Amino acid sequence: MQRHLAERYGRHPAVVGFQVDNEFGCHGTVRCYCPNCREAFRGWLRAKYGTIDALNAAWGTVFWSQTYRDFGEVELPHLTVAEANPSHLLDYYRFASDQVRAYNRFQVDLLRDNAPGRFITHNFMGFFTDLDPFALAEDLDFAAWDSYPLGFTDLMPLPQEEKVQWARTGHPDVAAFHHDLYRGVGRGRFWVMEQQPGPVNWAPHNPSPAPGMVRLWTWEAIAHGAEVVSYFRWRQAPFAQEQMHAGLNRPDFQPDVAFFEVQRVAEELSALPLPPAGCAPVALVYDSEAAWVFEIQPQGAEWNYLTLVFSFYSVLRRLGLDVDILKPGADLGGYGLVVVPSLPIVRKEALEALSQADGLVLVGPRSGSKTENFQIPPELPPGALQALLPLKVVRVESLPPGLLEEAEGPWGRFALGVWREWVETDLPPLLRFTDGGGILFRRGRYLYLAAWPSPELLFALCQSLAEEAGLHPRFLPEGLRLRRRGPLVFAFNYGPEVVEAPAPPGVRFLLGDRRIPPHDLAVWEET
């Protein structure tokens with residue numbers, strides 16, 4: 001079918017590009033456990049390890065008498081009596097992600113042969129870690145993603161009062177996080193292929209966006225560098241599975257609320273020339289493999305990679321800072337501040353990139369805690385990062401809800417939970433638990449955080465580092481967020497009250513003015 005489509009439409013003058021497939025991995029389709037996948041996995045393991053003895057050593061199969069005599073004995077890590085071998089699981093997650101990438105490449109190759117000069121992209125999903133988007137996008141011209149701020153907010157592990165607070169706007173950092181992620185995935189280029197235009201049908205609860213939010217979401221995507229924002233869908237279908245999913249037009253072909261908001265954006269865009277989107281001053285290192293490691297062995301029910309990453313990102317945004325989200329090993333030159341929420345497997349290219357970073361580098365807990373084969377490093381965590389930070393993590397613990405440890409340092413006192421590490425080092429701690437245990441350590445430009453940070457600690461720490469790096473952080477009101485695109489500064493008000501734009505005196509506003517109404521925005525120019 002793919003070949004027939006490529007041959008028939010590849011050179012059609014009306015076709016400018018192709019979206020390969022739709023939302024790879026949706027509905028649990030990355031990890032399959034059929035006989036075909038079992039045989040393919042065995043072949044993948046043969047190619048990786050060469051011999052069954054090498055696999056046994058890498059997986060530590062001597063434990064629980066798991067030793068294999070032949071690759072043909074390896075089953076899929078599914079429906080095991082007890083928990084599966086973590087190394088087995090991690091390799092299977094890698095294999096499954098590679099299979100999706102291979103399927104994508106198969107379609108891309110057909111299009112490259114039959115549709116010369118046409119772009120090729122794919123629409124990724126939000127808060128989805130079953131596959132590595134950076135690897136898959138290497139075969140695409142740019143990335144795209146599907147933005148549903150209200151649905152994602154309803155599914156996030158937020159306190160109920162926060163879900164209610166942002167029920168009609170979406171959390172102020174949900175869409176922005178994914179714009180920055182998929183801009184990085186797309187090597188500087190991304191589209192929003194599906195923008196939520198009204199209530200959707202798939203979340204536990206599906207409220208209607210507050211008036212003005214579809215316009216705000218559209219402008220926010222553009223501020224983050226989106227080349228295109230398109231809406232799913234044009235008309236609400238009156239039948240089948242998605243008949244409750246709103247569109248720009250109602251089922252009776254009449255325009256819905258979002259139609260007029262999009263029309264307004266089109267008019268505003270025609271009067272506002274957009275400069276290129278440049279690099280941000282802060283880099284955040286993101287790794288899908290880290291999510292797999294912690295999914296396999298969380299060691300605590302509250303430990304979640306995306307939750308940790310999002311907490312770092314949200315604090316940086318609350319400080320008014322722009323963020324580039326990059327894969328491990330990406331060039332970190334030119335960034336005043338680099339944050340690595342957690343990177344359990346530190347490969348050579350990631351270590352080299354961190355060692356060559358220009359700015360301050362903050363590394364979060366459990367970084368360097370595993371080898372590539374999912375074993376504790378022989379030198380103990382943070383493993384290879386000891387070249388930058390001379391310390392050893394000798395014990396860890398996860399803390400149940402309500403069990404908090406008091407910490408104190410130059411920024412005040414904090415109550416910390418979820419995760420704690422015991423560290424041996426000659427470095428003096430910058431932050432301690434009240435029992436004397438160190439939490440934050442520094443050597444030169446590099447800092448290691450040996451606990452799960454509370455929002456208050458993370459805010460104080462990131463503010464201090466941003467000031468040291470000369471990034472001029474500012475404390476924004478809870479619902480206000482900024483994004484720069486060249487000399488243009490965009491301010492987005494997710495909150496229910498009028499807020500004042502943090503613009504210098506005398507600047508020229510290109511959109512809106514200094515007083516930003518609820519669910520509205522302003523744009524001004526700074527030189």
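Everything below is about the structure shown above.
To keep things clear, this report deals only with the structure shown in the data block. All figures in this text were calculated on a predicted structure; none of them were measured in a lab.

Side note on the overall build of the protein
Helix and strand content of the protein: 14 helices and 23 strands. For a compact globule of 527 residues, the expected C-alpha radius of gyration is about 24 Å, and the protein comes in at 24 Å, within 12% of that figure. Dimensions along the principal axes, computed over C-alpha positions, put the protein at roughly 65 × 65 × 40 Å. Buried positions account for 55% of the 527 residues belonging to the protein. The contacts in the protein between residues at least 6 apart in sequence include a share of 66% that link residues at least 24 apart.

Quick notes on the packing of aromatic side chains
If you walk through the whole model with that rule in mind, you get 34 aromatic pairs. Judged by centre distance (6.0 Å) and plane angle (75°), the rings of Phe-177 and Phe-310 are edge-to-face. In this pair, Phe-177 sits in helix α8 (residues 174-185) while Phe-310 sits in helix α12 (residues 305-318), placing the two residues 133 residues apart along the sequence. Exposure remark for Phe-177: the relative accessible area of 1% places this residue in the buried category.

Remarks on the sheet that holds strand β21 (residues 509-511)
Pairing is antiparallel in the open sheet, where 4 strands are placed in the order β18-β19-β23-β21. Looking at strand neighbours, the two that pair on one side only are β18 (480-485) and β21, the edges of this open sheet. On average, each strand axis in the sheet is inclined to that of its neighbour by 25°, with strand direction left out of account. Relative to strand β23 (residues 520-525), strand β19 (residues 488-493) runs antiparallel, the two being bridged by 6 bridges. Its bridge partner being in β23, Phe-490 is matched across the sheet by Val-523. Set on the sheet, helix α9 (residues 213-223) makes contact with β18, β19, β21 and β23; between it and β19 the angle comes to about 150°.

Regarding the pattern of salt bridges
Within this structure, the stated rule accounts for 36 salt bridges. Of the charged contacts in the structure, one is a salt bridge between Asp-173 and Arg-317, with a shortest N-O distance of 3.1 Å. Taken as a pair, Asp-173 in the loop between α7 (160-165) and α8 and Arg-317 in helix α12 lie far apart in primary sequence, 144 residues in all. Since its relative accessible area comes to 0%, Asp-173 is described here as buried. A relative accessible area of 3% places Arg-317 in the buried class. Residue Arg-413 pairs with Glu-408 through a salt bridge whose shortest N-O separation is 2.7 Å. Residue Arg-413 is classed as exposed on the basis of its relative accessible area, which comes to 53%. Judged by its relative accessible area of 37%, Glu-408 falls in the partly exposed class.

Considerations on the pairing of strand β9 (residues 337-340)
Neither face of β9 is exposed, since Leu-337 and Val-339 on one face and Val-338 and Val-340 on the opposite face are all buried. By the bridge criterion, 3 bridges tie strand β7 (residues 282-285) to β9 in an arrangement that is parallel. Residue Ala-283 lies in a different strand from β9, and its bridge partner there is Val-338. Across 4 bridges, the pairing between β9 and strand β10 (residues 360-363) is parallel. Bridge pairing links Leu-337 to Leu-360 in β10. Assessed by its sense of winding, the connection that carries the chain from β9 through helix α13 (residues 348-355) to β10 is right-handed.

Digging into the packing of α8 against α12
Between α8 and α12, whose axes approach to 11 Å, the crossing angle comes to 100°. Comparing the axis directions of α8 and α12 gives the class roughly perpendicular. On α12, the residues that touch Val-174, Ala-176, Phe-177 and Asp-180 of α8 are Val-309, Phe-310, Tyr-313 and Arg-317. Looking at the contact of α8 with α12, its residues break down into 6 nonpolar, no polar and 2 charged.

Here's the deal with a nonpolar patch on the surface
On the surface, Val-62, Phe-63 and Trp-64 cluster together into a nonpolar patch covering about 410 Å² of accessible area. Among the secondary structure elements, Trp-64 is positioned in the loop between α3 (52-59) and α4 (86-114). Owing to a relative accessible area of 54%, Trp-64 belongs among the exposed residues under this scheme.

Here we look at α3
All buried positions along α3 are accounted for by Ile-52, Leu-55, Asn-56, Ala-58 and Trp-59. End-on, the buried residues of α3 take up no more than an arc of 165°, which puts them together on one face. Of the exposed residues in α3, the ones pointing more than 90 degrees away from its buried face are Asp-53 and Ala-57. Tucked into the core, α3 has its buried residues touching α2 (35-49) and α4. Among the residues trailing α3, Gly-60 stands out with phi positive, at a value near 65°.

Brief notes about the pairing of strand β8 (residues 323-326)
Burial along β8 is two-sided: Val-323 and Ile-325 and Asp-324 and Leu-326, pointing in opposite directions, are all buried. As paired elements, β7 and β8 share 4 bridges and run parallel to each other. Each residue of the ladder has a partner; that of Ala-283, found in β8, is Asp-324.

What to know about the packing of α2 against α3
In the contact formed by α2 and α3, the axes pass within 9 Å of each other and the chain directions differ by 90°. Comparing the axis directions of α2 and α3 gives the class roughly perpendicular. Between α2 and α3, the contacting residues are Phe-41, Leu-45 and Tyr-49 on the first element and Ala-54, Leu-55, Ala-58 and Trp-59 on the second. Broken down by class, the residue content of the contact of α2 with α3 amounts to 7 nonpolar, no polar and no charged.

Digging into the sheet that holds strand β4 (residues 143-147)
The 4 strands lie next to each other as β3-β4-β5-β6, forming an open sheet whose pairing is parallel. Of all strands in the sheet, those bounded by a partner on one side alone are β3 (123-124) and β6 (229-231). By the bridge criterion, 2 bridges tie β3 to β4 in an arrangement that is parallel. Residue Asn-123 lies in a different strand from β4, and its bridge partner there is Ala-144. Across the sheet, α9 touches β5 (190-195) and β6, and the angle it forms with β6 is around 145°.

The rules behind each value
Residues numbered from 1 in each chain as written. Predicted model: local features only at pLDDT ≥ 70, side-chain atom pairs only at ≥ 80, totals over all residues. Heavy atoms only, no water. Helix = DSSP H or I, 4+ residues; strand = E, 2+ residues; numbered from the N terminus. Rg over C-alpha atoms; globule rule 2.2 N^0.38 Å. Buried < 20%, exposed > 50% of the residue type's maximum accessible area, 1.4 Å probe, protein only. Contact = heavy atoms within 4.5 Å. Phe/Tyr/Trp six-rings, centres within 6.5 Å; stacked < 30°, edge-to-face > 60°. Pairing = 2+ DSSP bridges. Axes fitted to C-alpha atoms, helices over the stretch in contact; angles between N-to-C directions. Salt bridge = Lys/Arg side-chain N within 4 Å of Asp/Glu carboxyl O. Right-handed = clockwise from strand over helix to strand, strands pointing away. Parallel < 35°, antiparallel > 145°, perpendicular 65-115°, else oblique. Nonpolar A, V, L, I, M, F, W, Y, C, P; charged D, E, K, R; others polar. Patch = residues over 30% accessible without salt bridge, like charges linked within 9 Å, V, L, I, M, F, W, Y side chains within 5 Å. Areas by Shrake-Rupley, 256 points an atom, 1.4 Å probe, with all protein chains shown as cover. Arc of directions from axis to C-beta.

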